[in-house]
Amino acid sequence: MTFVYLLVFGFAATAVLGLITSWIDRKVTARVQYRVGPPFLQPFIDIVKLLGKETLIPAGASKGTFLIAPVIGISGVIAVATLLWVNQFFSEGFMGDWIVTIYLLAIPSLSIILGGFASRNPLASLGASREMKLVIAYELPFILAALVPVINAHSIRLSVIIDSQAGGVFAGSLSGILALIVAILCVQAKLALVPFDIPEAETEIVGGALIEYSGPGLAIFRLMKNMLFFTLPFFLIILFFGGLRLNGINILWTVLEYVGIVAIITVIRNTNPRVRIDQAVRFFWGPMTLIAIVAVVLALKGL
Amino acid sequence: MSLKLKALLKSPWVFHLSTGSCNNCDIEILDCLTPRFDIERFGMLLVGSIKHADVLLVTGSCNRMSVERLKVLYEQVPKPCLVVAIGTCAGSRGIFKDSYNCPVPLDKIIPVDVYIPGCPPKPEAMIAGVVKLIEKVGGSK
Ligand code: SF4
């Protein structure tokens, strides 16, 4: 049964929904810029094409780490997506699966850091070290923001968090709204999208940590990012909107919440310039952490 | 036609390489990305790293300095890959034919799949050229 969950929900469903999300992202970006944008199947074709290309390993790179890094990253995403799906639809989960989710969500960033440092390219190392700084910057506010639903639900189990929002979602309260704003900006950084695409920065370090990846390695990294693009909004919906509700009119709400979060992320990405790494760290440790702490205090007061 | 090639033709990511051009061709390449032409409709993306590329767009007259880099970069493209010579310079060296600095044209150095003449070629001409390339590769197999 675990195997079915992992393969069908963790991998297949997440990958398909993630690729569709990435198409929405590209299409909205194109429309914002008055372009037509790619056809619907484009993200799928990209992955198939990359899988068929040659894998080049840079001279002097540490071969094993270079090849294993994308696999580590994608297994992290599959694990966390499975955990969320199972909590959503099938079973009760276990005590503290919230903590496990937070842990597993850091693995994709770690895999990018590993891959970047293993590829023996100065630009890739630069990208990896920037990614590392970015992780340090956004983890604190992200955990604080994710703590608000835990305080509201009085439980550290995701299924209890979902159930306790049956009466009213946490995004309806003041603390929930503040935490949601912080969490969306942290998701922006977790996905490495503009304005926090500092580790990739096409125009200055040409793709950063992924510069040396080609063929299947790049395909897996892209797939991982697209899956993360579905998983992170899904996690936010579980935390703040009571999960995916698929009964009656609630289907419409769920789709609206999901598309709304993705659209906000895409619009932020299209209307902002890239910040420097020190500005990003200051932004997350300053205002974002403060807002998150305020939200936590409000949640403790029951607001 | 194999699935591999079919997918490649549906999502050709282009890398843009200047071998001593006057920069005019390069600017016209960037025009293809603008809203008026929007080559992302065909799945084309301009990528920054040669390792991500499927199509190499070469501009310029291949002078002595850049030929070495050109060879190194051509070896680094993950195969299968296609090469497009953009502009009269890349096609036949144009007005630099008798220059001491441009001993051989591009197609004597690496295999070229399609030539797009013009000084510089219009973005429409480039898109037409790439469409021809896709037809040629797609039809011959
Ligand atoms: S073909 Fe003309 S426009 Fe293009 S690089 Fe040569 S001289 Fe410049």
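The structure displayed is predicted, hence computed values, not measured ones. (Residues numbered from 1 in each chain as written. Chains lettered and ligands numbered in written order. Predicted model: local features only at pLDDT ≥ 70, side-chain atom pairs only at ≥ 80, totals over all residues. Heavy atoms only, no water.)

1. Focus: the overall build of chain B
In step 1: Each helix and strand in chain B was counted, giving five helices and five strands.
In step 2: Element order for chain B, N to C, with α for helix and β for strand: α-β-α-β-β-α-β-α-β-α.
In step 3: Here chain B has a C-alpha radius of gyration of 14 Å; the compact-globule value for 141 residues is 14 Å, and the two agree.
In step 4: Across the 141 residues in chain B, those meeting the buried criterion constitute 52%.
In step 5: Long-range contacts, defined here as pairs at least 24 residues apart, represent 80% of the contacts in chain B between residues at least 6 apart.
In step 6: Counting only carbon and sulfur atoms, one obtains 60% of the accessible surface of chain B, whose full area is about 6800 Å². (Helix = DSSP H or I, 4+ residues; strand = E, 2+ residues; numbered from the N terminus. Rg over C-alpha atoms; globule rule 2.2 N^0.38 Å. Buried < 20%, exposed > 50% of the residue type's maximum accessible area, 1.4 Å probe, protein only. Contact = heavy atoms within 4.5 Å. Areas by Shrake-Rupley, 256 points an atom, 1.4 Å probe, with all protein chains shown as cover.)

2. A word on the overall build of chain A
In step 1: In terms of regular secondary structure, chain A is built from 12 helices and zero strands.
In step 2: Helices and strands in chain A line up, N terminus first, as α-α-α-α-α-α-α-α-α-α-α-α.
In step 3: A compact globule built from 303 residues should have a C-alpha radius of gyration of about 19 Å, and chain A, at 19 Å, falls within 12% of that.
In step 4: Residues classed as buried in chain A amount to 57% of the 303 residues present.
In step 5: Summing over all exposed atoms, chain A offers an accessible surface of approximately 12300 Å²; the carbon and sulfur share of this is 74%.
In step 6: Within chain A, the 15 negative side-chain charges are centred at a point lying 5 Å from the centre of the 20 positive side-chain charges. (Lys, Arg positive; Asp, Glu negative; His and termini not counted. Charge placed at Lys NZ, Arg CZ, Asp CG, Glu CD.)

3. Observations concerning the side chain of E40(B)
In step 1: Inspection of the secondary structure assignment puts E40(B) in the loop between α2 (24-31) and β2 (45-46).
In step 2: Given a relative accessible area of 8%, E40(B) falls into the buried group.
In step 3: A polar contact is formed between the side chain of E40(B) and the side chain of R26(A), at a distance of 3.0 Å.
In step 4: What E40(B) contacts, discounting residues up to four positions off in sequence, is R26(A), R35(A), G37(A), P38(A), P39(A) and L45(B). (Polar contact = N/O pair within 3.5 Å; in protein donor to acceptor, adjacent residues only side chain to side chain.)

4. Looking at the pattern of salt bridges
In step 1: Under the counting rule described, the total for this entry stands at 14 salt bridges over all chains.
In step 2: Two residues, D278(A) and R282(A), come together in a salt bridge whose shortest N-O distance is 3.9 Å. Taken together, the residues D278(A) and R282(A), both in helix α12 (residues 277-301) and four residues apart, mark about one turn of the helix.
In step 3: A salt bridge links R69(B) to E68(B); the shortest N-O distance between them is 4.0 Å.
In step 4: A relative accessible area of 53% places E68(B) in the exposed class.
In step 5: A single salt-bridge network, built from bridges that share partners, covers R26(A), R35(A), D46(A), D38(B) and E40(B). (Salt bridge = Lys/Arg side-chain N within 4 Å of Asp/Glu carboxyl O.)

5. Describing the nonpolar core
In step 1: W98(A), F235(A), F240(A) and L106(B) are the most contacted members of the largest nonpolar core, which has 107 residues in total.
In step 2: The element best represented in this core is helix α10 (residues 216-241) of chain A, accounting for 18 residues.
In step 3: Once residues within four sequence positions are removed from consideration, F240(A) is found in contact with A145(A), P149(A), Q165(A), V169(A), F170(A), A171(A), G176(A), A179(A), L180(A) and A183(A).
In step 4: Judged by nonpolar contacts, the second largest core, of 22 residues, contains L8(B), C25(B), I29(B) and V84(B). (Core = buried A, V, L, I, M, F, W, Y, C linked by side-chain atoms within 4.5 Å.)

6. Notes on the site of the ligand
Residue and element names in this part refer to chain B.
In step 1: Close to the ligand lie S21, C22, N24, C25, G87, T88, C89, G118, C119 and P120, which account for all nearby residues.
In step 2: Of all the elements in the fold, those that place two or more residues in the shell around the ligand are α2 and α4 (87-92).
In step 3: For the shell around the ligand, the leading source of residues is α4, giving three residues.
In step 4: Taken together, the residues that form the shell around the ligand break down as five nonpolar, five polar and no charged. (Near = heavy atom within 4 Å. Nonpolar A, V, L, I, M, F, W, Y, C, P; charged D, E, K, R; others polar.)

7. Observations regarding the layout of surface pockets
In step 1: Of the pockets and cavities examined, the largest pocket occupies roughly 1500 Å³.
In step 2: Looking at the lining of the largest pocket, the elements that each hand over two or more residues are α1 (2-32), α2 (42-51), α9 (202-205), α10 and α11 (250-270) of chain A together with β2 of chain B.
In step 3: When its residues are assigned to classes, the lining of the largest pocket shows 19 nonpolar, nine polar and 13 charged. (1 Å grid on protein atoms, 1.4 Å probe; cavity = no way out; pocket = protein on both sides within 12 Å on 5 of 7 lines; lining within 4 Å. Points joined across faces, edges and corners; volume = space filled by probe spheres on them.)

8. A short note on helix α4 (residues 97-105) of chain A
All names here are of chain A.
In step 1: Those residues of α4 not exposed but buried are D97, W98, T101, I102, L104 and L105. Each buried residue of α4 sits inside an arc of 165° when the element is viewed along its axis, so together they form one side.
In step 2: On the buried face of α4, the contacting elements are α3 (63-89), α5 (107-118), α6 (122-153), α7 (158-163), α8 (174-190) and α10. (Arc of directions from axis to C-beta.)

9. What about the interface of chain B and chain A?
In step 1: The partner chain A presents 28 residues to the 29 residues of chain B that form the contact.
In step 2: When chain B packs against chain A, the two sides together hide about 2200 Å² of surface, and 55% of this comes from carbon and sulfur.
In step 3: Broken down residue by residue, the surface that chain B buries against chain A is led by W13(B), E40(B) and K51(B), which jointly contribute 28%.
In step 4: Here K51(B) makes a salt bridge to E212(A), at a shortest N to O gap of 2.2 Å.
In step 5: Our count for the contact surface shared by chain B and chain A stands at 17 residue pairs in polar contact (both at pLDDT 80 or more). (Buried area = accessible area lost by both parts, 1.4 Å probe.)

10. Structural notes on a nonpolar patch on the surface
Residue and element names in this part refer to chain A.
In step 1: There is a patch of nonpolar side chains on the surface, built from F89, F90, L246, I251, V255 and V259 and spanning about 490 Å² of accessible area.
In step 2: Element by element, the count of residues in the nonpolar patch is highest for α11, at three residues.
In step 3: Residue position: V259 is located in helix α11. (Patch = residues over 30% accessible without salt bridge, like charges linked within 9 Å, V, L, I, M, F, W, Y side chains within 5 Å.)

11. Remarks on the side chain of D38(B)
In step 1: Residue placement: D38(B) occurs in the loop between α2 and β2.
In step 2: D38(B) gets classed as buried once you look at its relative accessible area, which sits at 1%.
In step 3: With residues near it in sequence (within four places) discarded, D38(B) still touches R35(A), V36(A), G37(A), C32(B) and L33(B).

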